[in-house]
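# Architecture and fold: a report
Each chain, letter by letter, is given below.
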Amino acid sequence: MTKEQLKNELNTAIRRKFSVDPADANARQTYEALIDVVRDILQAKHADTRAKTDKQAAKQVYYMSMEFLLGRSLKNNLYNLGLEDAAKDVLAEQGKDLGELYKMEPDAGLGNGGLGRLAACYLDSLTALDYPATGFSIRYEFGIFKQVILDGWQMEFPDNWLEMGGAWLIPRPDEAQEVFFDGEIEEIWSEEGLKTVHKNYDKVRAIPYDMLISGHNTDTVNVLRLWGAKSASEFDMGSFSRGDYLKSVENAAKAEAISKVLYPADDHIEGKNLRLRQQYFFVCASVKNIVQNHYAKFGTLDNLPDKVAIHINDTHPSLCVPELMRILMDEYEYQWDDAWGITTRTLAYTNHTVMSEALETWSIDLFRARLPRIFSIVEEINRRFCAAVYKDHPEKRNVLDRIAILSGGMVHMANLCVACCYSVNGVSGLHSDILKEDLFRDYNDIFPGKLTNVTNGIIHRRWLCQANPKLSGFLTGLIGDGFVDDASHLSELLKYQDDRAVYRELEKIKAANKERLAEYIRTKNGVNVDPNSLFDVQAKRLHEYKRQLLCALYIYDLYLQIKRDGAAPQPRTFIFGAKASAGYVMAKEIIRFICTLGQLINNDPVAGQYLKVVFLADYKVSIAEILMPAAEASEQISLAGKEASGTGNMKFMINGAVTIGTLDGANVEMSELVGEENIFLFGMKTPEVNARRMNGYRPTDVIASDDVIRRLIDSIRSGDILGNTFDNIVHYLTDSDPYMVLGDYASYRAAQGRLAAAYGEKDVWAKKSLINIARAGHFASDRAIREYADNIWHLTKLK
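Residues numbered from 1 in each chain as written. Predicted model: local features only at pLDDT ≥ 70, side-chain atom pairs only at ≥ 80, totals over all residues. Heavy atoms only, no water.

## Notes on the overall build of the protein
- Within the protein, the regular secondary structure consists of 36 helices and 23 strands.
- With the C-alpha coordinates of the protein rotated into their principal frame, the extents come out at 90 × 75 × 65 Å.
- A buried classification covers 61% of the 799 residues belonging to the protein.
- Taking all contacts inside the protein whose residues are at least 6 apart in sequence as the whole, residues at least 24 apart take part in 77%.
- Total accessible area on the protein is roughly 30,500 Å²; 48% of this is exposed by carbon and sulfur atoms.
- Of note, the protein has its 94 positive side-chain charges centred 2 Å away from the centre of its 109 negative side-chain charges. (Helix = DSSP H or I, 4+ residues; strand = E, 2+ residues; numbered from the N terminus. Buried < 20%, exposed > 50% of the residue type's maximum accessible area, 1.4 Å probe, protein only. Contact = heavy atoms within 4.5 Å. Areas by Shrake-Rupley, 256 points an atom, 1.4 Å probe, with all protein chains shown as cover. Lys, Arg positive; Asp, Glu negative; His and termini not counted. Charge placed at Lys NZ, Arg CZ, Asp CG, Glu CD.)

Right, dumping it as structure tokens:
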């Protein structure tokens, strides 16, 4: 589309939608009209994509995820369509700024952290690489939540993203599905055999809304289908007429709660119940939709595994296993063995955690009550699986309780996936090794070759080309633009690794990005930070194992060094971005501790000369797009063996930040690629962590043997300096310290010292930064998607 064509389309959309002359349209009217124009372009391309897929009878992947953290779509779509410059010029002629329109769009509230951002990156790469794909999730009305920090405490408020972001969604009520909860099942024998009937159920309607996904430099357009929940019951006019207004809408409220909020607090039975309903709701609607479309096209489901791959992203969509079985048997009259053969050749699973306590389980009583038919299928899968293991693998009889799907009064969802899916992958080399050798070692013995690895990746066109246009432009001038479509070309930057002129230009770009972030912090936090200081960033979901507390302790250590010892450390600005789950008390306490440090240090006339501490509230993709290009030190400091991969580490890396981290997750591969001299490693390795825990890790021994740690703990306990008591944190560290914050502290402190020294030598730091950028191409999601497509899904590109 030319600039003139875009101008005509935009003006037509403004007149049609708002009945005003384009010259008189306000910013919101122009914003909405521009979205309409872009969406219409995408719809036409999607129609062509569907036609190509049908003509080629191409195999498709369906990516099932509770989260898709998309961020803003307008900029991404204009960039991918090659229309950003044209749109900028057209709007400038009307006296409007495209950048201001970008800011009007809210982040799509469909995710919380790395899991959702990974899913969004994968959809983008699937489209850019011309693979036919559909994502499935829930149309959360209020997303995760809007985070507000009040006196250091995280408060959660509704995030009404649909008001300004819902224009991207295309309602498809013609493909609505019905989902059944509760009730009971009855087994009926007939001449055709045993028939299971689900009776007296509660019915909910699932309404699909399609978000079109563009890819760079391609005409392919894929879809993210989001399901909204509606009551299947008619409005209760009788109750309304009697004045019982609440009862008249009771069924609607109960149904619509399913798609209100992502991850409702589950520290009570009502929350657990709602989460289970959410998971089955989106799985049932999605799998029904997939099967119906396939049957309409081919007239059989026998070839489903040849034309469909359903990918389960973490355990939230694991109900795909029994749901596909249910559909095949109850709706298409397949016998168990045939249905099982189709199911186990159609479903693949990605595991995202090595922590057994984070693997999803459900109480059998709750599961049976909410999903009686699904439970009966899970029960039979478990019976047959255990019987097969008992018969064929007698050496595993003593671990049946550990690998069974039903065990200890719980339904173990990861076990369900590993037992039933044809492929199970981890998301980094270390993570996959731990799955094979520890967490799923028994399954690895039973199903040799099933467990594999695909290291995570990021969409580099968004996190480099769009988020950091100055750096992207500079790289293009040095090595050409081949890296835009193939991130491996970034390695060509290595020929400049000793070029001081290149160092200086990289420093100028980083300085400009730091100035932009500093202005954002001034506006949002009211804190003046020094752009010449080292920007040290930890931005990720708040969880104990990610050890934001470790960095916070180091900040307090630096403060005490300045105040008590007269130290003059390398000026540094510590920046945090994180949301804690609504019911996660310790995570919220860590946020309060960080914010208290900020209040103390930022207002101290001495310490404030060297340190600043900033907590960026309501961290999300659009904030990350400002933060990542400005970061210089990237904190990836989880306890070794706990982080599956990480993707924030990759986004920081491609923008030239240097990592300080443990040998955990993808940090291992990063260190191998850049060399240990270009990353600041510290801490115990996974075998050391395991050995220390087995031998009885005691944090009190660490405190007794380390004067620095003892001073920190004593000062926090007293509360004299902080002005607040943090008894929960003190007890957490001294009684158990489950993620060995104190055990790794001395090593972390030493690594921070090495990092500060390197930052003080401009050329040394610039070379490290350049090498990190050059080696980041390996972590592109395009590479990951090619591995999935070739080795797991067996897809071919559209022609």
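Okay, back to it.
## Points about the packing of aromatic side chains
- Tallied over the full model, the rule gives 22 aromatic pairs.
- Relative to tyrosine 788, the ring of tyrosine 122 lies with its centre 5.6 Å away and its plane at 70 degrees, an arrangement referred to as edge-to-face. Pair noted here: tyrosine 122 is in helix α6 (residues 114-128) and tyrosine 788 is in helix α36 (residues 781-793), with a separation of 666 residues, a long-range link. In this structure, tyrosine 122 and tyrosine 788 share a single accessibility class: buried. (Phe/Tyr/Trp six-rings, centres within 6.5 Å; stacked < 30°, edge-to-face > 60°.)

## Considering unusual backbone geometry
- Phi is positive for asparagine 217, which is not a glycine, with a value near 60 degrees.
- As for its position among the elements, asparagine 217 is in the loop between β9 (202-214) and β10 (221-231).
- Residue classification places asparagine 217 among the exposed residues on the basis of a relative accessible area of 58%.
- A positive phi angle, near 70 degrees, is found at aspartate 314, a position not held by glycine.
- Along the polypeptide, aspartate 314 turns up in the loop between β11 (308-313) and α13 (320-331).

## Regarding the sheet that holds strand β18 (residues 534-539)
- In space, the six strands of this open sheet follow the order β20-β19-β18-β21-β22-β23, with parallel pairing throughout. Edge positions in the sheet fall to β20 (611-616) and β23 (680-681), since each has one partner strand and no second.
- Sheet strands touched by helix α24 (residues 500-525): β18, β19 (572-577) and β20. Its angle to β20, the strand with the most contacts, is close to 70 degrees. (Pairing = 2+ DSSP bridges. Axes fitted to C-alpha atoms, helices over the stretch in contact; angles between N-to-C directions.)

## So, the packing of helix α25 (residues 548-565) against helix α34 (residues 745-759)
- Orientation of α25 relative to α34, taken along the N-to-C sense of each, is 65 degrees, at an axis distance of 11 Å. As α25 packs across α34, the resulting crossing turns out to be right-handed. When α25 is examined against α34, the residues Leu550, Cys551, Leu553, Tyr554, Asp557 and Gln561 are found in contact with a partner set consisting of Tyr745, Tyr748, Arg749 and Gln752.
- When its residues are assigned to classes, the contact of α25 with α34 shows six nonpolar, two polar and two charged. (Left-handed = near helix turned anticlockwise from the far one by under 90°. Nonpolar A, V, L, I, M, F, W, Y, C, P; charged D, E, K, R; others polar.)

## Considerations on the nonpolar core
- Phe281, Phe367 and Trp793 are the most contacted members of the largest nonpolar core, which has 212 residues in total.
- Per-element tally for this core: the top contributor is helix α11 (residues 269-298), with 10 residues.
- Apart from the residues within four sequence positions on either side, phenylalanine 281 is in contact with Ile138, Val179, Phe181, Val204, Arg205, Ala206, Trp227, Gly228, Ala229 and Ile258.
- Of all hydrophobic cores here, the second largest spans 69 residues; its members include Ala640, Ile709, Val730 and Met740. (Core = buried A, V, L, I, M, F, W, Y, C linked by side-chain atoms within 4.5 Å.)

## Notes on a nonpolar patch on the surface
- Nonpolar side chains collect at one region of the surface, where Leu150, Trp153, Met155 and Phe157 lie side by side and expose about 360 Å² of accessible area between them.
- Per-element accounting of the nonpolar patch gives the leading share, three residues, to strand β4 (residues 153-157).
- Mapped onto the secondary structure, phenylalanine 157 falls in strand β4. (Patch = residues over 30% accessible without salt bridge, like charges linked within 9 Å, V, L, I, M, F, W, Y side chains within 5 Å. Salt bridge = Lys/Arg side-chain N within 4 Å of Asp/Glu carboxyl O.)

## Some points on α36
- Its 13 residues place the ends of α36 only 16 Å apart at the C-alpha level, less than the 18 Å of an ideal helix rising 1.5 Å per residue.
- Along α36, the positions that sit buried rather than exposed are Ser781, Asp782, Arg783, Ala784, Ile785, Tyr788, Ala789, Ile792 and Trp793.
- Looking one or two residues beyond α36, the residue adopting positive phi is histidine 794, at roughly 60 degrees. (Expected span 1.5 Å × (residues − 1).)

## A word on the pairing of strand β16 (residues 423-426)
- Side-chain alternation along β16 places Ser423 and Asn425 on one buried face and Val424 and Gly426 on a second face that is also buried.
- Across three bridges, the pairing between strand β12 (residues 347-350) and β16 is parallel. By the bridge assignment, tyrosine 349 is partnered in β16 with valine 424.
- Judged from the three bridges that link them, β16 and strand β17 (residues 451-453) form a sheet pairing that is parallel. Counted as the bridge partner of asparagine 425 is threonine 452 from β17.

## Some points on the environment of threonine 455
- Note that threonine 455 resides in the loop between β17 and α21 (460-466).
- Each C-alpha atom, one on threonine 455 and one on leucine 430, is 9.5 Å from the other, the two residues being 25 residues apart in sequence.
- Aside from chain neighbours lying at most four places away, what touches threonine 455 is Tyr122, Val427, Ser428, Gly429, Met650, Glu669, Phe779, Arg783, Ala784 and Glu787.
- Engagement of the side chain of threonine 455 in a polar contact is seen with the side chain of glutamate 669, the distance being 2.6 Å. (Polar contact = N/O pair within 3.5 Å; in protein donor to acceptor, adjacent residues only side chain to side chain.)

## A closer look at the pattern of salt bridges
- Counted under the stated rule, the structure contains 57 salt bridges.
- Residue arginine 504 is joined to glutamate 507 by a salt bridge in which the shortest nitrogen-to-oxygen separation is 2.8 Å. Note that arginine 504 and glutamate 507 are positioned in helix α24 at a spacing of three residues, about one turn of the helix.
- The partner of lysine 546 in a salt bridge is glutamate 643, with the nearest N and O atoms 2.9 Å apart. One end of the pair, lysine 546, is in the loop between β18 and α25; the other, glutamate 643, is in the loop between β21 (633-636) and α28 (648-654), and 97 residues separate them in sequence. Both residues of the pair, lysine 546 and glutamate 643, count as buried.
- Because the salt bridges share partners, they merge into one network encompassing Arg172, Asp174, Glu175, Asp210 and Arg225.

## Notes on the sheet that holds strand β13 (residues 361-363)
- One open sheet accounts for three strands, arranged β13-β15-β14; its pairing is antiparallel. With partners counted over all chains shown, the strands left at the sheet margins are β13 and β14 (406-407), one partner each.
- Bridge analysis of β13 against strand β15 (residues 410-412) gives three bridges, and the strand direction is antiparallel. Counterpart to serine 363 in the pairing with β15 is methionine 410.
- Most of the contacts of helix α18 (residues 413-420) go to β15, to which it runs at about 45 degrees, and overall it touches β13 and β15.

Honestly, it's all geometry; don't read function into it.
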